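As a plain string of letters, each chain reads:
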Amino acid sequence: MAGPDVKLVLRSTRVVTPEGTRPASVAVTGGTIDAVLPYDTGAPAGARVEDFGDDVLLPGLVDTHVHVNDPGRTEWEGFWTATRAAAAGGITTLLDMPLNSLPPTTTVENLRIKQGVAAPKAHVDTGFWGGAIPTNVKDLRPLYEAGVFGFKCFLSPSGVEEFPELDQEQLARSMAEIAGFGGLLIVHAEDPHHLASAPQQAGPAYADFLASRPRDAENTAIEGLIAHARRLNARVHVLHLSSSDALPLIAAARREGVRLTVETCPHFLTLTAEEVPDGATEFKCCPPIREAANQDALWQGLADGTIDCIVSDHSPCTTDLKTPDFASAWGGISSLQLGLPAIWTEARRRGHTLDDVARWMSAAPAALAGLHRKGAIEAGRDADFAVLAPDATFTVDPAELFHRNQVTAYAGRTLHGVVRSTWLRGVRIAADGVLTEPTGRLQTRDPRA
């Protein structure tokens, strides 16, 4: 039974819970889920009831890979615009990457600057990754104690000079330091030597760009990460996996007990190299969108559990940086607002369910970051929800997106799944494209993580 203090009950014939989708009433007290009850349970006296009919009540999505770029490159994206886009897309918690902002999140002082900028602008709950660069090993533990969720590094150039990559010696040093206090290292895994030896051809041809970022660059980098993680008993997470060739390496390492997790992204699961027009650099990202057969294997990796989660890698820029030259255009795809319908459109075609989508896009990212109050509709969790009309469709119009620069690889695509509303701690923050004033809270690492 729900407690007498319940003031809100959310009801649907399809509520996605850890035990499966079923008709249910979700009782909310003080921003927390009080109980998940049978659908026809009577509401306590005085409680407000919201009945969503056959629309699906999902746990709010958790996106652990977002480049907000604020402060310093706010013309690319900012906390106000990014978190509005997240809320409109059913995301209730995001973690901001440590680079592309000025300053980068590589010291406690820089973290405090970023938190100060984010706090009044966040429409959804927002946390922060720290950065691991060659010069800040001494800053890693203080950053962890200040509440970052872990540390991102690059093994090849990041694209911005203030966030340099780690060589193998620096990687081992940073990983050992992070492992020493039980932290998590998240890695952009492309080997610089393979990239340097790949053919480099400027111009609008996507085939030339794809050849410049070969699968072997990812495979070799991941193989090296596994060796370091095995030796140091370190927790390591592979970011934005693109090469399906690495899946057997990853699966074998996990069977050995290597503490390795893996994510992939909507663009790798829904877009293919074969369909990218020449000059269409809205499709450029690193690592790149690969062929359809590769995509099929990534979906199989999700199905068998080799890949843990799906996150956006929302990496926006101003429109002028998306030149028609794939070699010089900024690499990044903006998808915060569209990740859920993009993935659901392809998942349903392949026979997956919304239970699967909730696991990949909410429960697993929350578990990765140690966000113990997020990621599921069950008693004791934050009352964060997305209400989805799964059979409704819409055609992506860039002008209707909330992120700052309306550049998207999904323009003109018809997608299944309309986000009717988004709820943060029991308060509706977005409904049919209308958003409230920001009520998101800054998140810091749970000491239990």
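Here's what I pulled together on the structure shown here. Bear in mind the structure is a predicted one, so any value in this text is a computation, not a measurement.

Thresholds, definitions, all that
Numbering of residues begins from 1 in every chain and follows the order in which that chain's sequence is written. Only residues with pLDDT of at least 70 get local features here, since the model is predicted, and only at 80 or more are side-chain atom pairs given and counted; chain-wide, interface and lining totals rely on the full set of residues. The side-chain numbers reported here are obtained from all heavy atoms of the structure, hydrogens and water having been left aside. Numbering of helices and strands starts at the N terminus; helices are DSSP runs of H or I of at least 4 residues and strands are runs of E of at least 2. Contacts described as polar in this section are N or O atom pairs within 3.5 Å, which, within protein, must combine one atom able to donate a hydrogen with one able to accept it, while residues neighboring in sequence count only if both atoms come from side chains. Only Phe, Tyr and Trp rings take part, Trp by its six-membered ring, and two of them pair if their centres are within 6.5 Å. Stacked means planes under 30 degrees apart, edge-to-face means over 60, and tilted covers everything else. Remark: exposure states derive from per-residue accessible area (1.4 Å probe, protein chains only) relative to the maximum for the residue type, with buried under 20%, exposed over 50%, and partly exposed in between. Throughout this description, the term charge over a ring refers to an Arg CZ or Lys NZ atom that lies within 6 Å of the ring centre and within 35 degrees of the ring normal. Residues are called lining when one of their atoms sits within 4 Å of a cavity or pocket point, these points coming from a 1 Å grid over the protein atoms alone, where a cavity is a set in which a 1.4 Å probe fits but cannot get out and a pocket is an open set with protein on both sides within 12 Å along at least five of seven lines. Grid points are joined across faces, edges and corners, and a volume is the space filled by probe spheres set on the points. Asp, Glu, Lys and Arg are counted as charged, while Ala, Val, Leu, Ile, Met, Phe, Trp, Tyr, Cys and Pro are counted as nonpolar; the rest, among them Gly, fall into the polar class. What we call a nonpolar core is a set of buried Ala, Val, Leu, Ile, Met, Phe, Trp, Tyr and Cys residues that are connected through their side-chain atoms within 4.5 Å. Whether two residues are in contact is decided by their heavy atoms, any of which lying within 4.5 Å being enough.

Glancing now at the side chain of histidine 123. Tracing the backbone shows histidine 123 in the loop between helix H2 (108–118) and strand S8 (125–128). A polar atom in the side chain of histidine 123 sits 3.5 Å from the backbone oxygen of threonine 436.

Glancing now at the packing of aromatic side chains. This model, assessed by the stated rule, comprises 11 aromatic pairs. Between phenylalanine 52 and tryptophan 423, the aromatic rings sit 6.1 Å apart at their centres with planes inclined by 70 degrees, giving edge-to-face as the arrangement. In this pair, phenylalanine 52 is assigned in the loop between strand S4 (48–51) and strand S5 (56–59) and tryptophan 423 in strand S16 (residues 414–424), connecting sequence segments 371 residues apart. Here phenylalanine 52 and tryptophan 423 have matching classes, each one buried. Judged by centre distance (5.2 Å) and plane angle (70 degrees), the rings of tyrosine 206 and phenylalanine 326 are edge-to-face. Remark: phenylalanine 326 occurs in the loop between strand S14 (309–310) and helix H11 (339–349) and tyrosine 206 occurs in helix H6 (residues 206–212); sequence separation between them is 120 residues. The two residues tyrosine 206 and phenylalanine 326 agree in class, both being buried. Put simply, the rings of Tyr144, Phe151 and Phe181 pair up and form one aromatic cluster. Sitting over the face of the ring of tyrosine 39, arginine 11 holds its NZ or CZ atom 5.7 Å from the ring centroid.

Approximately 670 Å³ is the volume found for the largest pocket. For the lining of the largest pocket, the elements supplying multiple residues, two or more each, are strand S10 (151–154), helix H5 (192–197) and H6. Residue composition of the lining of the largest pocket, grouped by class: 14 nonpolar, 16 polar and six charged. Residue lining of the second largest pocket: 23 residues in total, with Ala88, Gln337, Phe394, Val418 and Val419 positioned closest to the centre. Only helix H1 (79–88), strand S15 (385–395), S16 and strand S17 (427–431) provide two or more residues apiece to the lining of the second largest pocket. The greatest single-element share of the lining of the second largest pocket, amounting to six residues, is contributed by S16. Across the lining of the second largest pocket, the residue classes tally to 12 nonpolar, seven polar and four charged.

Right, let's get into the nonpolar core. Leu58, Phe151, Leu185, Leu225 and Leu241 are the most contacted members of the largest nonpolar core, which has 98 residues in total. Among the elements that line this core, the one with the most residues is H1, at six residues. Discounting residues that sit within four places of it in the chain, leucine 58 has contacts with Val16, Leu340, Leu354, Ala358, Ile377, Asp384, Phe385, Ala386 and Leu388. Residues Trp76, Met97, Phe154 and Leu184 belong to the second largest nonpolar core, which totals 20 residues.

Along the chain, the position of threonine 93 falls in strand S7 (residues 91–96). Considered as a pair, threonine 93 and threonine 64 are 29 residues apart in the sequence and their alpha carbons are 8.0 Å apart. Threonine 93 has contacts with Leu61, Val62, Asp63, Val124, Asp125, Leu371, Lys374 and Asp384, leaving out every residue within four places of it along the chain.

With that settled, consider empty space enclosed by the protein. With the rule as written, the count across this model stands at four cavities of 30 Å³ or more. Considering only enclosed or pocket space, the largest cavity measures out at about 80 Å³ in volume. Taken together, 13 residues line the largest cavity, and the ones lying closest to its centre are Leu61, Asp63, Ile91, Ser312 and Met361. Secondary structure elements with two or more residues in the lining of the largest cavity: strand S6 (61–66) and H11. With three residues, the top contributor of residues to the lining of the largest cavity is S6. Here the residues of the lining of the largest cavity are counted per class, giving nine nonpolar, three polar and one charged. Quantified by volume, the second largest cavity comes out at close to 60 Å³. Around the second largest cavity sit Glu282, Pro316, Cys317, Lys322, Gly332, Ile333, Ser334, Asn405, Val407, Thr408 and Ala409, which together line it. Classifying every residue of the lining of the second largest cavity by side-chain character gives five nonpolar, four polar and two charged.

What follows concerns unusual backbone geometry. Looking along the chain, the bond that leaves leucine 102 and enters proline 103 is cis, with omega of 10 degrees. Mapped onto the secondary structure, proline 103 falls in the loop between S7 and H2. Following cysteine 286, the chain continues to proline 287 via a peptide bond in cis, the omega torsion being -5 degrees. Residue placement: proline 287 occurs in the loop between helix H9 (266–270) and helix H10 (292–303). A positive phi angle is found at asparagine 100, which is not glycine, with a value near 80 degrees. Relative to the elements of secondary structure, asparagine 100 occurs in the loop between S7 and H2. Located in the positive-phi region is aspartate 313, a residue other than glycine, with phi close to 50 degrees. Its place among the elements puts aspartate 313 in the loop between S14 and H11.

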